[in-house]
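Residue-level listing of the chains:
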Amino acid sequence: MNRTTVSLIAGVTALAAVTGFASMSEPETAGTATAKAAAQLPVERTSLLCPAPSTSDLAETAYTSFTPVAEGTGDEGSAELTAAGEESADGKTDDSKDDKKDGDKDGKGKAVLTPKEPGKPVTGEASGAESPALVGTAEGRFAPGWTVQQTTEIPAGSGRGLLGTNCTAPDTEFWFPGASTAKERTDYAHLTNPDDAAAVADIELYGKDGALKSTVGEGIQIPPHSSEAVLLSTLIDEPQTNVTVHVTVRSGRVAAAVQAVDDTLGADWLAPSTDPAGSLVLPGIPKDATSVRLIAFAPGDADADLKVRLASPNGPITPAGNETLHVKAGMTAAIDLGDVTRGEAGSLILTPTGRSTPVVAALKVVRGKGDKQETAFIPATGPVDTRATAADNRSKGSTLSLVAPGRTAKVKVTASAGSGGGTAAEKTYTIKGGTTQNVELPVPSGLKGTYALTVEPQSGGPVYAARMLEAASGGVPMFTVQTLPDDRGTVEVPDAEQDLSVLQK
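Residues numbered from 1 in each chain as written. Predicted model: local features only at pLDDT ≥ 70, side-chain atom pairs only at ≥ 80, totals over all residues. Heavy atoms only, no water.

1. Looking at the confidence of the model for the protein chain
Mean pLDDT over the protein chain works out to 87, with 85% of the residues at or above the 70 mark. Taken together, the stretch residues 1-35 has pLDDT below 50 and engages in 61 contacts with residues farther than four places along the chain or on a different chain. For the stretch residues 86-107, pLDDT sits under 50, and the model shows 29 contacts to residues farther than four places along the chain or on other chains. (pLDDT = per-residue confidence, 0-100. Contact = heavy atoms within 4.5 Å.)

Have a look at this one:
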């Protein structure tokens, strides 16, 4: 995702105090003494945004906020999620009068969640079709690793299913392979602006033959502290089964997510793929998946040839008949892998067969049969570097998948105290290289409410992780999968004596 290098002071401040989603490497200098090593410090401020959950009157949404306990943060800090709403010229939202009766701050929306302490989840709820997008900020001891999960259950009707997403940080570029404008699909791109000024974004769509012509996807304005939902099928003339969505921001920053609704296969959120890369990992395919489709896109000028492997509990497997995938430059490619996991845990690993060409990718996963099917999506994700967290785990229905695509890795998993009570627990696992393991979770003793799972690699090779949450309803195996990239709870801050003039070059 794009980030712009700013002035010396602004750059260091943004890294140390605002996002927590960037790091700064020690610059190389010629003819000078070696610069001092950068300090690894906890981030001081983090923003997270949650899209409007549903247009269904039957929707019931749960929000879960969690911050791991971190060293070096001090005792001060706060966190809050508030309802987004368009601000008027005087800085007040359109519904500011009603909001202020409920004790809101600065006219920026109704408070939905206010965490009390790190190490313990806090939950909130919303019902019906009028639930808004949320804008959240955490500071001080609540900022490092702050995670918010939005989980919506819709038992029937359009959009039926279990829809889950991690609320995400604002940025300026997003890739969504796996979207669709087919007749059976209703996909919306949700764009949420956390800032005091309007944001301007463009939405580009790419199908199997390349870019899909559209002018209405240009210059989309998102008012301050507001969210816009754009129906993808209105941007182009002809339906497309497999579409890659590219969101770029001209001015400001937004958080982006795609809500995919299928007439017969249920609904879920499609989170953005990790940045384009030559090799990708898509972790946590359910062992009982009845259908898996891989969608990939090559954003550059060169074609990509990818080797497709499944990391199973016993080692890498090459899917018969789908050993490789050719992705033409600027075009979306897709292959159906069927029930590729065959009843075992699995993750997909994509590597170049020759020259490395950056790609983005996602999986569309289906569980169930006949009219009892449900869909979820798994985008390519980054490894867990220091720590990653999955919030909103219940006493039943959570599955944690860990994959070590290279060397064997040792991983510690901690289950937090429950939102209503309980004592934290932890376990350590060894994940053999080239395998995926659905691990037996540590569960807090005396658990009441929901809990968070924190994943921390201890030694060995890189680890990728995903959490599946399931809740069967009416015979439908409703589920959702969230990948667990590193939470970037710390940031490298150069020593004050270091010469940073090279950053402006």
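2. Regarding the side chain of E374
In this fold, E374 is placed in strand β27 (residues 372-379). With relative accessibility at 0%, the residue E374 sits in the buried group. Reaching out from E374, the side chain makes a polar contact with the side chain of R160 at a distance of 3.4 Å. (Helix = DSSP H or I, 4+ residues; strand = E, 2+ residues; numbered from the N terminus. Buried < 20%, exposed > 50% of the residue type's maximum accessible area, 1.4 Å probe, protein only. Polar contact = N/O pair within 3.5 Å; in protein donor to acceptor, adjacent residues only side chain to side chain.)

3. Some points on the pairing of strand β3 (residues 60-66)
Counting buried residues in β3 gives 5 out of 7 residues, a clear majority hidden from the surface. In terms of strand pairing, β3 meets strand β6 (residues 122-127) through 6 bridges, oriented antiparallel. Bridge assignment links T61 to a residue of β6, and that residue is A126. (Pairing = 2+ DSSP bridges.)

4. Quick look at the sheet that holds strand β29 (residues 398-404)
Strand order in this open sheet of 4 strands is β33-β29-β36-β37, and the pairing throughout is antiparallel. In this open sheet, the two edge strands, each paired with only one partner strand, are β33 (435-439) and β37 (479-483). Here the strands of the sheet are splayed against their neighbours by 20° on average, with no regard to which way each runs. (Axes fitted to C-alpha atoms, helices over the stretch in contact; angles between N-to-C directions.)

5. Topic: the state of the cysteines
Per the counting criterion, the structure on display carries 1 disulfide. Here C50 pairs with C167 through a disulfide, and the sulfurs are 2.0 Å apart. Between C50 and C167, the S-S dihedral sits near 110°, and the bridge is therefore right-handed. One end of the pair, C50, is in strand β2 (residues 45-50); the other, C167, is in the loop between β9 (161-166) and β10 (173-179), and 117 residues separate them in sequence. (Disulfide = S-S within 2.5 Å.)

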